[in-house]
Every structure is written in C-alpha cells, then in structure tokens.
Amino acid sequence: MSEGCRVAIVGGGTAGLSLATTLRRLGVSGIVVLEREEDAGGVPRHCGHYPFGLREFKRLLKGPDYARRLVREAIAAGVDIRTGTAVTKLHKGGRLSLVCGGETYDLQAERVVLCTGVREASRAQRLISGDRPIGVMSTGALQGMVFLQGLRPFHRPVILGSELVSLSAIMTCAHAGIKPAMMLEEGPRMLARGFMRPFPALRGVPMRFGVGNIRILGNRRVEAVSYTDAGGLPREVSCDGVIVSGRFRPEAALMQDSPLEIDPDTGGPVIDQFGRCSDPHYFASGNLLRPVETSGWCWQEARDTAKRVAADLAQEARAQATVTLSVNSPELRFVLPQRLVPDAPPGGMAQMQLRLNKPVSGRLYATSGGQRLWSGALNTVPERRILAPIGPIITAAPIHEVLMETSVVCSMESRPPK
Amino acid sequence: MSEANSTVFDVAVIGSGVVGCAMARRYTLNGAHTVVLEKEPDVLDGASKANSAILHTGFDAPPGSLEQACIASGYREYLDIREALGLPVLKTGALVVAWDKPQLEQLESLLKKARQNGVPDVRPMSKAEILAQEPALATHLLGGFSIPGEYLIDPWATAHAYLLQALANGAELRRNAEVLTGVFDGEIWTLSTPAGVVRARQVINCAGLFGDILDQRLLGQSRFSIHPRKGQFVVFDKSAAALLQAIVLPVPSKTTKGVVLFRTIFGNLAVGPTAEEQDSRTDASTDRTTLQGLRQKGIEMLPALARHEITATYAGLRPASNEQDYRIITEPQKNYISVGGIRSTGLSAALGIASHVAALNTGAEVRYAPLSAPAIPLPDRLSDYHERDWQVAGNGGIICHCEKVTKREILAALDGPMPPATLQGLKRRTRVTMGRCQGFYCTPALAALTKGRLDPALGEPDE
C-alpha cells in the first residue's frame, strides 16, 4: 500500500506540532504528523511542572496542558495526526516506510520534516560502573512513570548530573513524594543556569561537585552509590534508585541507514541555514538538530522552519551549492547549521548556534580561506546557548569552508569551584 | 507423606543455565521424567545470562579433550535441530586475525589444530584478502585465517527452546529451589529446597558457578573447584553492524579466547570479553576504566567504531575450573553426575554435553524409553535478520521502538509457559529496553504493562 501527502512530519512533539500548525496557517494542505506513541505531544506530556507556554501562548502552563494545547491547535488547523504510527525507514526522495499495529505501508511526501527530538544519554552510554539492579533510569523515564502512569519507582534516589533537566527530576520527585538522597556532578560546578543553582538546596537535596568513580551498587534493587569526593576520598550514599539525567543526544536512530548525512558533533542531521538536509526532500527542526533547547525555543524554531518549507514547496526539491561550516577549536563542541548556501534568498536562519566543551572567556571568530569574516566576545560555559550572526558571513560570499574558532583569554577551568 | 514426596522423578537436573536446559531436554526426549531445580527466580540467571552469542566450531579447543568433543557434537546437533526448534542463525563465519609477529607465527599451529579438531574448511588468508573481505578493519593486521562455519545465534532463545521442549514433553521446572541438602538412600535422592522436597532417582549437577559447592553439599566433597572468570562487553549501536561481516577472533592465549569483535543476531556490534579472575560467583559488575579500554581495543581493530555510539555494556561470569578441560564426573554408587567447569564454550557445547552425559551408562536409564513424537514449542523470535512480530498484524503496537518489541510479544512472554520473574528475564525473552535509548521512551509503558508481574517491580519500590 502506498499513499501521498505534501508534507510528512516525523514526530509529534513541540517542534512537529508547531511546524504542522504553522504550515496549515500558511495555507499548505496535506500535512501529516506521524507519531509513534499513542498520544501526540512529545516530552512536555510528561513534564508535569511549570514553566511552559510563556512565549507561545502568553500563559504559564504545566507540560501536559501545554502538550494538549499544541495538539488541539494542530487538529483545529486541519493537521492529520497519525498516532501509533512508527516510521521504519527513510528512503531517497521523501518516501517513508511506516508501520501501524503490524500494517506496513509507504508514504510519499513532497517534503519530509524530521522532528524526532532528543533523549538523555543512558547509563551505558556514560559507561557508569557497577551492578545492574532495578531502579536506574533517565529523567524522561521517571517523568513518564510519575505523570503518565501514576507510578513511584523509588523513595530516595541519587540524581546524577546537574543540568536543567536534573532540576526537573527534583520537581518530578517532589510531585510524587520522592526525596532525592543526593545530587552528584562530575564537573566542578552546576551545569544549570546561575539563578537555578540554589534550587536543589532549597528542596533539601545535598549536592556534591567534582565527584569521580561513580559506581552503582545493589543486587536486585539499587542499594547505594559510591563515589570519590572532590578531595579524592571514597564516599557512599545509600539510596534505592538512580536518576541518570541529562547529556542529551538527538534521537537520530531513523537517520542511520538512510540517505541523510549525520553530524557526529551534534548527533543530528547535517542541515543548511534553511533546515534542509543532505537529501533536499528532507528538512529537520527542533531538538533533533542539537542537544538541547527549551520547548519554547523549539516551538519558534519550527515556526521559522515551516515558513522555509512552505517557500521550498513552490519549487522542485533540489540540492543547493553550499560551503561547510564547522568548528575548529577544541573548546567548541558543535556549530549548527553545518552548511551555508552563500547566495541564498532571504528567509534562512539569522543566527548559527554553538556549544562549548569547556568554559571559555575570550573571543569567537568566523574565518574562511584565511580571512576573518566576523568576531565577537565569548564568555560562557558548556550547555549554554551561543549565537553568532550568519548574515555577515554569507554576505562576505565565502567560497571556502567557514571555520569557527576561539581565542581563549582565560579558561575558567583553572578557577576553583565556588 | 506429603504430595511433594510422592512423585519420584527419574532425573533431577540442578541448575537451569544453557547446560541444564539442554540436559533437561535430552533426558526428557530419552523418556526420563525430569525435574529442573533452579535456585534463582528465573532460568539463565547465572553464567548463561551473558556471553558472546556465537556458535563455535571448536576449531581452537584442545584436541582430544572432552570440551572439543562436546563442542563438535553440540555444534552438529544444533544445526540439525535448530530449524525445527525455530532458532535463527546467521552464518557470518569467523576470521582469526594476527595483529603482531608472534601472533602471526602461531597461525600455522592453530590451522593444524583446527584440522585435527575436524574443522577442515579453515583457510589461510593474506592481509590483502582479509582487508578485501573486511575493508573496515585496521590496516596494521598481518594475516590470519577464516573459519567459515561459525554462526551468530540467540543465546537466550536457544536455552529457552531446549527447556520449553522439555517442559512441553512432561518435564517440570521449580524456581527459587536452591538445593540445600540431599540424601541418597541407595535408590532415591531426597533433595530439600525452599520450594519443597524433591525426590529423584538420579541427580545431574549443572549448577555452573556453584557446581563445586553443590557437590560438597550432596557428596561431602568436590573433585573440582570453580574459579569464576568475569568478562565485560561493550555493545555498539546498530549503525556499527555494517562495519563488519565476520566474527573477528584474536589469536587465543592459554586462559582466554581474547577480545572478540562480533555482530550479534540482534543487529548490534560488540567487543569483548575481558578475562578477569575473581573470587565472587555473583559479581558481574562493570567498570568504566575497563569498558573504556574495551572500546579503545575495538577502535584499534576497527577504527570507524570511534564514530559509533555505545548502546549497552554488560558483564558475564564463566564457570572455569582449576583444570583446562570440562569436569564431567560420575558417581555410579550415588546415581550422581557432576557437570563442572563448563567455561566459555558452554553455549556451543551444551547439546553435546547433554548427549555425552546421557550416554554415560549409570544403570538408571533402563527405566525409560525415548519419546517417539516429542512436542516442539515455538521459541521467541528476536533476530534482527529475520521477520519479527512488529511486521505482523494484530500485534497491539510497538512498545519498545529501539528494538521494535510489540505489546503482543511482551504479553506472550508474561503469559507463556515459562514466564519471566524479573525485568532481566523479560529482556532475555523479548529484548525490551535493550536498544539505543535503554528504556528512556518505553519504561513508563512497560512498567504499567508489567505491573504485578515482575519482582522487583519497575514502577513501585520495595517497602
């Protein structure tokens, strides 16, 4: 069986739904959202806490209400949301293989937009030592248990990590009456933004930074976590669960064994400043592009991508002449987009996005063929959003690859933690 | 006399690892009324829960050893019965690769040993030939040889299929039934377990990592001692499976086959095992430094692995003994056979071991006659290279998207003739949560679906 549509959107989370609704409002018909779960809405469905929706709806919402509102708007706009439908393969030219309850069929779309989001790195990916008892899970899995299934998997877990999502783990625990025993961070300081730093202490969760040798102990269930403290002394904290939080990676499983090129730095697809992938029938948007942004950011990013897709539908899908954009300093973790169309029509991303591997205080440069095209101050730490303008670079009409580099005036790594 | 005491089984197989499962099948097919006693809540919970999932030819086993004989006959029987039992195989073949000069010099004697062991189709290969077949391997390799007859198999479905066939033909399985004491009255063994008293005419010790301890409990002494050897593994993303066709074996040393690069029948690529001697018979923990070393070792042999993510890590324990060969010891006066020291080759050799043991004439066999038309139950079908349930209508939808495990598969396992008691057991039967996301997406739905069925429960803490 085979059918067709104008735009197939893979993933019905914030980005996918925002994109679908925007396309319909731009007058594009034949919009299909493919969602493998039984309900659309994505990650916010199980983030049962504030703050969602301020940018999008000018209202302060909890995640599940926000997700419902996104779904409602998409349906009202005339989007065909197919839940319980998993994409099993991406083919060249925008053809998708789908399965729904064991029935397989193909869908040929004029354009496909991938919005499959991110997930947290697993215990295995982080090579965490120890036994393999029950009770080790990601924040996402915990949220799903608490907010979707009404379950409480443990009483006193240890939280590994200190990103924004780690604070979400604390809020999720509070909702379920779970009291985290401790928060352990391998780095020297909290990764979440400065104003969030007192949050765990306010919730009564002790924090330890600069820890090493984390080891999960327990036979059937988690019984303890051992670690070495910042001074190198062995410690042990008794607990009945471990929340392995953060270190997001794009959910790019579908792109393996597909016509699309993957950027090992972001873990997501290689795109140009229009969100177009290496096969011009495919676009990508939202957190699949990079780890990790807020729902509000993804919602806006998808609206912008929708406009680019709508404009692109007016012509044949065709590969563009591009130059590569890449990072060329060990401090820089990734840059997005990875390709630039030099003589592009207006409407592309105004800014590139970067992230750091380590704290930097210095400058950021864009160079091409030995020429400096742009520079700006850089003074931040990993996991924070870094933006740099694309305009000055493409108007300089580079014919060579563009490299993003840093000059480090002072690496904050050497500063002792507060 | 209690009801438990009224049944006298022909055979009590103690331990339900792959060897115990094969033993139960063999004795049941031979007509013996068999009981399997497992001390854990689920089968395959000891050494058999983690291995490299390869059906070996035994080309490098010590010639003339019992191990070599059992691998050879086990290998043949596996290929004979696997289609009827519905067990998938993937014939990838293996390559022994030498990475330095001393290893290269050993190849000739390994080839000779392979031919001695009845594996005649081994073939020397030059560096260029190997790289033509496996272009992703590192170019510093020096040479090697191929063993075309090595297969990838599903290690859990294999053992489950053996035991399920035994159960379908009248055998019984008792779990949480650690044999604590046993008395032999000259005719019948009376075994006491937390799950009740079991009586049997013959005892076969397939207790693996605890084999010597069981001997001591029942015979007062053991003629071997178990020296557990831990092996850690790193499993890479399914995207890495395209890098390699064959199983890549190192030139083996005395204690270990060394670190192997292999695909799995579930579509991953893995590197391991390590060989770590330890005292503990239960500590299968992993260690970050060792795992990093394994990953590095994999990248040295297959440089493109550096770009592929890790999906899983695990460790297994091999029940090596104080000797180089298997320790299969009969106690005819006691109707007792001890099957010990089945080190890393148990998966390949299990059927051969079972036939070997069943053919040892202990006099007990005269009581029963082989089944003429034994029932054959359907096993789990989890190969990534064969049709799966997600492609079949009416499956209730996919719960675990990374491994494409359906609701119907999970319910079939929970409601089946040998339901899992733990999440580990459910994973072995269905692969649920074993993929890329390691449960990030499906754990909540799985916790709801398995509520009240697994212990420990996924969704509720112990009080």
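Each value, and the rule that gives it
- Residues numbered from 1 in each chain as written.
- Chains lettered and ligands numbered in written order.
- Predicted model: local features only at pLDDT ≥ 70, side-chain atom pairs only at ≥ 80, totals over all residues.
- Heavy atoms only, no water.
- Domains from an automatic or database assignment.
- Contact = heavy atoms within 4.5 Å.
- Buried area = accessible area lost by both parts, 1.4 Å probe.
- Salt bridge = Lys/Arg side-chain N within 4 Å of Asp/Glu carboxyl O.
- Polar contact = N/O pair within 3.5 Å; in protein donor to acceptor, adjacent residues only side chain to side chain.
- Helix = DSSP H or I, 4+ residues; strand = E, 2+ residues; numbered from the N terminus.
- Nonpolar A, V, L, I, M, F, W, Y, C, P; charged D, E, K, R; others polar.
- Axes fitted to C-alpha atoms, helices over the stretch in contact; angles between N-to-C directions.
- Parallel < 35°, antiparallel > 145°, perpendicular 65-115°, else oblique.
- Left-handed = near helix turned anticlockwise from the far one by under 90°.
- Pairing = 2+ DSSP bridges.
- Core = buried A, V, L, I, M, F, W, Y, C linked by side-chain atoms within 4.5 Å.
- Buried < 20%, exposed > 50% of the residue type's maximum accessible area, 1.4 Å probe, protein only.
- Disulfide = S-S within 2.5 Å.
- pLDDT = per-residue confidence, 0-100.

## Looking at the domain arrangement of chain B
Residues and elements named next belong to chain B.
- When the domains of chain B are assigned, the result is domain 1 (3-49 + 155-224 + 323-367), domain 2 (94-148 + 227-318) and domain 3 (389-449).
- The C-alpha-based centres of domain 1 and domain 3 are spaced at 30 Å.
- Opposite the 13 residues of domain 1 that make contact, domain 3 presents 11 residues.
- When residues of domain 1 are sorted by the area they lose upon contact with domain 3, Asp42, Trp156 and His160 head the list and together hold 48% of the total.
- For the interface between domain 1 and domain 3, the tally reads 3 salt bridges.
- Its salt-bridge partner being Asp42, residue Arg428 comes within 3.9 Å of it at the nearest N-O pair.
- Counting the contacts that link domain 1 with domain 3 gives 4 residue pairs in polar contact (both at pLDDT 80 or more).
- Ranked by residue count, the leading element in the side of domain 1 that touches domain 3 is helix H6 (residues 155-168), at 5 residues.
- Residues of the side of domain 1 that touches domain 3, tallied by class, amount to 8 nonpolar, 1 polar and 4 charged.

## Some thoughts on the pattern of salt bridges
- Under the definition given, this model contains 48 salt bridges over all chains.
- As a salt-bridge pair, Arg25(A) and Glu73(A) come within 3.6 Å of each other at their nearest N and O atoms. Taken together, the residues Arg25(A) in helix H1 (residues 14-25) and Glu73(A) in helix H3 (residues 63-76) connect sequence positions 48 residues apart.
- Connected via shared salt-bridge partners are Asp42(B), Asp45(B), Arg175(B), Arg428(B) and Arg429(B).

## Re the packing of helix H2 (residues 18-29) of chain B against helix H9 (residues 346-359) of chain B
Residue and element names in this part refer to chain B.
- The contact between H2 and H9 brings their axes to 8 Å, and the two run at 40°. As summarised for this structure, H2 and H9 are arranged oblique, according to the angle between their axes. For the crossing formed where H2 meets H9, the hand is right-handed. Where H2 approaches H9, its residues Val18, Val19, Ala22, Met23, Arg25, Arg26 and Tyr27 are matched on the opposing element by Gly346, Leu347, Ala350, Leu351, Ile353, Ala354, Ser355, Val357 and Ala358.
- Of the residues in the contact of H2 with H9, the class split is 12 nonpolar, 2 polar and 2 charged.

## Quick word on the interface of chain B and chain A
- At the junction of the two partners, chain B supplies 49 residues and chain A supplies 44 residues.
- Buried surface at the junction of chain B and chain A, summed over both partners, amounts to about 4,000 Å²; 53% is from carbon and sulfur atoms.
- Broken down residue by residue, the surface that chain B buries against chain A is led by Arg288(B), Phe440(B) and Tyr441(B), which jointly contribute 18%.
- At the boundary of chain B and chain A, one finds 6 salt bridges.

## Here we look at the sheet that holds strand S16 (residues 241-244) of chain A
Residues and elements named next belong to chain A.
- Read from one edge of the open sheet, 5 strands run S9-S16-S10-S11-S12, paired in parallel fashion. In the strand order of this sheet, the two ends are held by strand S9 (136-138) and strand S12 (207-209), each with one partner. Sheet twist, expressed as the average angle between the axes of neighbouring strands with direction ignored, equals 20°.
- Where strand S10 (residues 157-160) meets strand S11 (residues 182-185), 3 bridges bridge the pair, whose relative direction is parallel.

## Side note on the nonpolar core
- Of all hydrophobic cores here, the largest spans 82 residues; its most connected members are Met23(B), Tyr27(B), Tyr162(B), Val339(B) and Ile353(B).
- Residues from two domains meet in this core; each of domain 1 (3-49 + 155-224 + 323-367) and domain 2 (94-148 + 227-318) of chain B gives at least three.
- Sequence-distant contacts of Ile353(B), that is, excluding residues within four places in its chain, are made with Val19(B), Met23(B), Cys70(B), Tyr326(B), Ile328(B), Val339(B) and Ile342(B).
- Residues Tyr105(A), Leu289(A), Leu378(A) and Ile390(A) belong to the second largest nonpolar core, which totals 47 residues.

## Focus on the state of the cysteines
- Counted by the stated rule, this structure contains 0 disulfides over all chains.
- No disulfide involves Cys5(A); its sulfur sits 13 Å from that of Cys115(A), the nearest cysteine.
- Taking relative accessible area as the criterion, Cys5(A) reaches 11% and is therefore assigned buried.
- A disulfide-free cysteine, Cys70(B) has its sulfur positioned 12 Å from the sulfur of Cys206(B), the nearest such atom.

## Quick look at the confidence of the model for chain A
- Across chain A, the average pLDDT comes to 94, with 97% of residues at or above 70.
- The low-confidence segment residues 411-418 of chain A (pLDDT under 50) makes 13 contacts with residues lying over four places distant or belonging to another chain.

## Concerning the domain arrangement of chain A
Residue and element names in this part refer to chain A.
- According to the domain assignment, chain A contains domain 1 (2-119 + 248-320), domain 2 (122-244) and domain 3 (340-414).
- Using C-alpha coordinates to define each centre, domain 1 is positioned 27 Å away from domain 3.
- Contact with domain 1, which involves 15 residues of that partner, is made by 14 residues of domain 3.
- Buried surface at the junction of domain 1 and domain 3, both sides included, amounts to about 1,100 Å², of which 53% is carbon and sulfur.
- Considering only the side of domain 1, the residues that lose the most area to domain 3 are Gln273, Phe274 and Trp297, jointly responsible for 50% of the buried surface there.
- Inspection of the region where domain 1 meets domain 3 yields 2 salt bridges.
- Our enumeration of links across domain 1 and domain 3 arrives at 8 residue pairs in polar contact (both at pLDDT 80 or more).

## Description of the sheet that holds strand S20 (residues 332-336) of chain A
All names here are of chain A.
- Here 3 strands make up an open sheet; going across it, the order is S20-S22-S25 and the pairing antiparallel. Because the sheet does not close on itself, it has two edges, and the strands there are S20 and strand S25 (386-389). Averaged over all pairs of adjacent strands, the angle between strand axes in this sheet comes to 25°, irrespective of strand direction.
- Sheet topology note: the strand S22 (residues 351-356)/S25 ladder contains 4 bridges and is antiparallel. Note on S25: the bridge partner recorded for Gln353 is Leu387.

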